Structure formats: structure tokens, C-alpha cells
Amino acid sequence: LSQGEGFGGLVNYANDIIKKDTVIIASEGVNLSSNATITASFKAQAKGNHRVHKFVGHISLSFSPDDYDKLDDQKIAEIAKEYMRRMGIRNTQYVIFRHHDQPHPHIHIVYNRVDNDGRGIKGDTSYTKSAAITKALTREYHLTFGKGKDKVRRERLKGKDAIKYRLYDEIKGAQKECTTWEELRRYLSTKGITFDFVKDKDGSIRGVTFTDTRKNVTFAGSKIDRSLSFAKIDAAMLYVINDKTDQYGEPLLQEPEQERFV
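As the structure is a computational prediction, the values presented were derived from the model and not from experiment. (Residues numbered from 1 in each chain as written. Predicted model: local features only at pLDDT ≥ 70, side-chain atom pairs only at ≥ 80, totals over all residues. Heavy atoms only, no water.)

**Q** How do you make sense of the nonpolar core when you look at a structure like this?
**A** As a rule of thumb, soluble globular proteins bury nonpolar side chains together. If you look at the biggest cluster of nonpolar residues, it comprises 23 residues, and the most contacted ones within it are Tyr83, Ile96, Ile107 and Ile109. Within the residue set of this core, elements represented by two or more residues are β2 (23-28), β3 (56-62), α4 (73-87), β4 (94-99), β5 (106-112) and α5 (127-140). At seven residues, the largest contribution of residues to this core is made by α4. The contacts of Ile109, once residues within four sequence positions are left out, are Gly57, His58, Ile59, Leu61, Ala80, Tyr83, Met84, Val95 and Ile96. (Core = buried A, V, L, I, M, F, W, Y, C linked by side-chain atoms within 4.5 Å. Buried < 20%, exposed > 50% of the residue type's maximum accessible area, 1.4 Å probe, protein only. Helix = DSSP H or I, 4+ residues; strand = E, 2+ residues; numbered from the N terminus. Contact = heavy atoms within 4.5 Å.)

Written as C-alpha cells, this is what we have:
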């Protein structure tokens, strides 16, 4: 989800036939003769409301490679239009571009945040709202949910998404080496990551936040991934593997001798 002030560069990227093998699968109120006419159509309508400074709307939707065969252009256009309707992107110009340069089906929706009546569109850049809608549509259209963060292509992430996944990867890696919170703190400090406990008034710990000190960005552990909540991490640290084995040759478990909270 993004908004901006220039249609030209975005249209040239979204409708790059040579590099992206782009196909326009749906549109409304835009002259599709060329990238220049598409841009001109958007610009003309955006002038209808000078109070909307970021009049460019851009949303990218990606689908699982497992659903490739069931998602022809018509079906993706149908899903995209329903997504837009629920997001409140109505009564306005738009073009839906489908790219074929990746193994997973994905589209770029370019739309005017100044609608056909000159009013500004609101609520269309909410990540929380978008997440709820995409989850609902995934269920309603019997599509495939992503199978965890391990399959996400890190090199294509930007901004806070890239930071969140860096934190996820580093913390998960640290858990393989650390058996106490103090060990975890020391390990992550070498990666430019710190953490703080979130406490109730009585001093009991109810959460943990992680900070990427290089970017000065903080996330609650549970917002990075459900497996990184305080309770989940703490539970994994309740026991450490002993060098001794039982009668069956399995490693014995013992509680850590040192303080778990620092």
C-alpha cells in the first residue's frame, strides 16, 4: 500500500511489457492507448481536488504459486475489484496490471485518490484493514494462505517489512544458540538488536519488544511473529539440553541454573 504525487513513473513500471510481461486485466475511466495517455487521464482528474496532495494510489496484491492454475485474468480481476470495494476505493479511475515475471501471480492496482466527483478517498492505506480483507478473500475464494515467513523472498522487501523480517531471522537464529534471556541479549547485541520487557504495574513481565538499533525501529515480539511473543520465547527457554543421557540414550533436560531474566 502506498500513496504519492506522481503517476508517470509508477505507470511506466506497472505497464512495463518487456521486463514484466504486463497485461492490463481491468480498468475504469482511463485512456489505455499508451503510458502517456494513462498518466494524463489520472493527472486530469487529480486536479479536481487540490487539497489531496498525495493523489496517487498504488496497491500490490500477490497470490500463492499453488493457485496459479486457478487464477486466470478474469478471476484475479474479480478478486481485485472486490478488494477495492471493501477498501473503499470506489467511484474512481483505476488500472489493474498483472505481471508475469515471477512464479507467483501478482497484480498492481494504480488508482486515483481523487474520485470521479472530486472527493478524496480515505481509509485506503490502512494495513490493518487490508490484512483483514485479504484474509477474508483468501478464505472466500478458497485460495492458499502463505506457509510461514520462511518462504518470503527477503530481497523484495522494503521499509519496515524488511526490518521485521531481519528481526525474525536473527531472533530465530539466536534461539538455536541461546538457552537464557541473558544469552539471547548478548547474542542479539552483536547483530544490532536489543530487547526490552513490557511489565505490568506489579512488575510481572507480560511482553517483549525488539529494536533494530541500526534503523531505530521497534516491534513487539508477537507482531514480528506469533512464535516470538514473550510467552513463547520464555517457554522455549524453560529447559536446556544436558550433556547426560537417559537409559535410552536420549538427552536429559534440566532447568537453567542462572537467572533467566536480566
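**Q** Would you take a moment to explain the sheet that holds β4 for this structure?
**A** Two pairing modes exist for strands in a sheet, parallel and antiparallel, and in both the strands are linked by backbone hydrogen bonds. The antiparallel open sheet is built from five strands, whose spatial order is β1-β3-β5-β4-β2. Sheet topology places β1 (2-4) and β2 at the edges, where each strand pairs with a single neighbour. Taken pair by pair, the neighbouring strands of this sheet meet at an average axis angle of 20°, ignoring direction. Bridge count between β3 and β5: seven bridges; the pairing is antiparallel. Paired with His58 across the two strands is Val110, which belongs to β5. Across the sheet, helix α1 (residues 7-14) is in contact with β3, β4 and β5; its angle to β5 comes to roughly 155°. Across the sheet, α4 lies against β2, β3, β4 and β5, angled at about 135° from β4, the strand it touches most. (Pairing = 2+ DSSP bridges. Axes fitted to C-alpha atoms, helices over the stretch in contact; angles between N-to-C directions.)

**Q** How should I be thinking about the packing of α4 against α5 in this particular structure?
**A** How two helices sit against one another is set out by the angle between their axes and by the gap between those axes. In contact at an axis separation of 10 Å, α4 and α5 are set at 140° when each is read in the N-to-C sense. One way to sum up the angle between α4 and α5 is to call them oblique. The two elements α4 and α5 cross, and the hand of that crossing is right-handed. On α5, the residues touching Ile79, Glu82, Tyr83, Arg86 and Met87 of α4 are Lys129, Ser130, Ile133, Thr134, Ala136, Leu137 and Glu140. A class-by-class count of the residues in the contact of α4 with α5 yields six nonpolar, two polar and four charged. (Parallel < 35°, antiparallel > 145°, perpendicular 65-115°, else oblique. Left-handed = near helix turned anticlockwise from the far one by under 90°. Nonpolar A, V, L, I, M, F, W, Y, C, P; charged D, E, K, R; others polar.)

**Q** Please clarify how the packing of aromatic side chains should be interpreted in this entry.
**A** Counted by the stated rule, this structure contains eight aromatic pairs. Residues Trp181 and Phe230 carry aromatic rings whose centres are separated by 5.6 Å and whose planes lie at 20° to one another, so their mutual orientation is stacked. Pair noted here: Trp181 is in helix α7 (residues 181-189) and Phe230 is in helix α9 (residues 230-236), with a separation of 49 residues, a long-range link. For Phe230, a relative accessible area of 10% corresponds to the buried category. Across the ring face of Tyr68, the terminal group of Arg98 is positioned such that the distance to the ring centre comes to 5.8 Å. (Phe/Tyr/Trp six-rings, centres within 6.5 Å; stacked < 30°, edge-to-face > 60°. Lys NZ or Arg CZ within 6 Å of the ring centre and 35° of its normal.)

**Q** Help me understand the pattern of salt bridges, please; the structure alone is not making it clear to me.
**A** Under the criterion given, the structure shown has 15 salt bridges. Salt-bridge contacts for Glu78 lead to Lys75; the nearest nitrogen and oxygen are separated by 3.5 Å. Here Lys75 and Glu78 lie together in helix α4, a separation of three residues that amounts to about one turn. Under the relative-accessibility criterion, Lys75 is labelled partly exposed at 28%. Linking Arg119 and Asp115 is a salt bridge whose minimum nitrogen-to-oxygen distance equals 3.7 Å. When its relative accessible area of 7% is taken as the criterion, Asp115 is described as buried. Here the salt bridges do not stand alone but share partners, grouping Glu82, Arg85, Arg86 and Glu140 into one network. (Salt bridge = Lys/Arg side-chain N within 4 Å of Asp/Glu carboxyl O.)

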